[in-house]
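# Structural features, examined
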Amino acid sequence: MDLFSSSWAALRTAVAATPDEDFERPSGCSGWLVRDLVCHLVIDAQDVLITLVTPAGAEPTVDAFTYWRLVEPPTGEDPLDALIPRLAAAYVEPRLLKFHLDDVGSAAGRAAVLADPAARVSTQGEVLTAGDYLSAYVLEWTLHHLDLVAHRPGAAGPPAETLAAARAALEAITGEAFPASLADTDALRIGTGRRPPADAERAALGGLAGRLPFVLG
């Protein structure tokens, strides 16, 4: 729960500190500008609020790791992927997008703090505890924080503890251990296909390099 709050607060702070002109820069999500990524975060925050007030009586079907599935790389044909840039453009001014994320995002943060970690909730046809659900989102927030600052040198990245937790989650989900020589940031970016490995990194990865990227869905 603490890692959820830490990663989400850091990401929202980083968005608030993003200069307006940087909203037109590319993000680390292929095909999305920074403004598109921030719009996606608004939808994510809404999903957190919806899920935390969607109780379930059944036994959990997934946990913080099995919540994620390895999927094929996006083709650009998903209607939601196409919708995000149009929604983001409709805000026109970055300050409006920042305001909406701060408004909904703050509410999602408060809901997470108030949630009973043992309570069962339902989302996407699955049941899991609120604690596992929020833990799963540490990976989401951390990856998107890296996306936010991918092409903005000097911008603050995710906290070290959430980077470490996100790396551990990725390794648990994939069943693969990344070389210790790779920093957490590099392991996450390379492991999820956000950038290709350099020659030395590819050598360190060995046979794992041929199984990359791991796309989460």
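Use the structure listed above.
As a starting point, this report considers the structure included with it. (Residues numbered from 1 in each chain as written. Predicted model: local features only at pLDDT ≥ 70, side-chain atom pairs only at ≥ 80, totals over all residues. Heavy atoms only, no water.)

This next bit is on the pairing of strand S2 (residues 120–123). Burial along S2 is one-sided: Val121 and Thr123 are buried, and none of Arg120 and Ser122, which face the opposite way, are. With four bridges connecting them, S2 and strand S3 (residues 126–129) associate as antiparallel partners. For Ser122, the partnering residue across the bridge sits in S3 and is Val127. (Buried < 20%, exposed > 50% of the residue type's maximum accessible area, 1.4 Å probe, protein only. Helix = DSSP H or I, 4+ residues; strand = E, 2+ residues; numbered from the N terminus. Pairing = 2+ DSSP bridges.)

Here we take up the packing of helix H5 (residues 130–148) against helix H6 (residues 160–174). One can describe the packing of H5 onto H6 by two numbers: an axis separation of 9 Å at closest approach and a directional angle of 115°. As H5 runs across H6, the sense of the crossing is left-handed. When H5 is examined against H6, the residues Val138, Leu139, Thr142 and Leu146 are found in contact with a partner set consisting of Thr162, Leu163, Ala165, Ala166, Ala169 and Ile173. Residue classes in the contact of H5 with H6 are distributed as eight nonpolar, two polar and no charged. (Axes fitted to C-alpha atoms, helices over the stretch in contact; angles between N-to-C directions. Left-handed = near helix turned anticlockwise from the far one by under 90°. Contact = heavy atoms within 4.5 Å. Nonpolar A, V, L, I, M, F, W, Y, C, P; charged D, E, K, R; others polar.)

Moving on to unusual backbone geometry. Each neighbour pair has its own omega, and for Leu212 with Pro213 the value is 5°, a cis peptide bond. Assignment of secondary structure puts Pro213 in the loop between helix H8 (199–205) and strand S4 (215–216). Positive phi outside glycine occurs at Val92, with the angle close to 65°. Relative to the helices and strands, Val92 resides in the loop between helix H3 (79–90) and helix H4 (94–114). On the basis of relative accessible area, Val92 is assigned to the exposed category, the value being 69%. Residues other than glycine seldom take positive phi values, yet Gln124 does so here, at roughly 50°. Structurally, Gln124 is set in the loop between S2 and S3.

Under the defined criterion, the tally for this structure stands at six aromatic pairs. Considering the side-chain rings of Tyr67 and Trp68, the 5.2 Å spacing of their centres and the 90° angle between planes classify their relative orientation as edge-to-face. Under the relative-accessibility criterion, Tyr67 is labelled buried at 10%. Given a relative accessible area of 12%, Trp68 falls into the buried group. When the ring of Tyr137 is compared with that of Trp141, the centres are 4.8 Å apart and the planes differ by 50°; the resulting orientation is tilted. Of the two residues, Tyr137 and Trp141 are both situated in helix H5; the distance of four residues between them amounts to about one turn of the helix. Across this residue pair, the class does not change: Tyr137 and Trp141 are buried. One aromatic cluster is present, formed by Phe4, Trp8, Tyr67, Trp68, Tyr133, Tyr137 and Trp141 through successive ring pairs. (Phe/Tyr/Trp six-rings, centres within 6.5 Å; stacked < 30°, edge-to-face > 60°.)

By the secondary structure assignment, Glu140 is in helix H5. For the buried Glu140, no salt bridge exists, and the shortest N-O distance to an oppositely charged side chain is 6.9 Å, to Arg194. (Lys, Arg positive; Asp, Glu negative; His and termini not counted. Salt bridge = Lys/Arg side-chain N within 4 Å of Asp/Glu carboxyl O.)

Residues Leu80, Leu83 and Leu87 make up a contiguous nonpolar surface patch of about 220 Å² in total accessible area. Its location among the elements puts Leu80 in helix H3. (Patch = residues over 30% accessible without salt bridge, like charges linked within 9 Å, V, L, I, M, F, W, Y side chains within 5 Å. Areas by Shrake-Rupley, 256 points an atom, 1.4 Å probe, with all protein chains shown as cover.)

Turning to the nonpolar core, a few remarks are in order. Phe4, Val48, Tyr133, Leu139, Leu148 and Phe178 are the most contacted members of the largest nonpolar core, which has 59 residues in total. When residues of this core are traced back to their parent elements, those giving at least two are helix H1 (2–16), helix H2 (34–52), H3, H4, H5, H6 and helix H7 (184–191). Ranked by the residues each element gives to this core, the list is headed by H5, at eleven residues. Those residues in contact with Leu148 that lie beyond four places of it in its chain are Leu11, Ala14, Val15, Thr18, Val34, Leu37 and Val38. (Core = buried A, V, L, I, M, F, W, Y, C linked by side-chain atoms within 4.5 Å.)

Bear in mind that shape data such as this cannot, by itself, settle questions of function.
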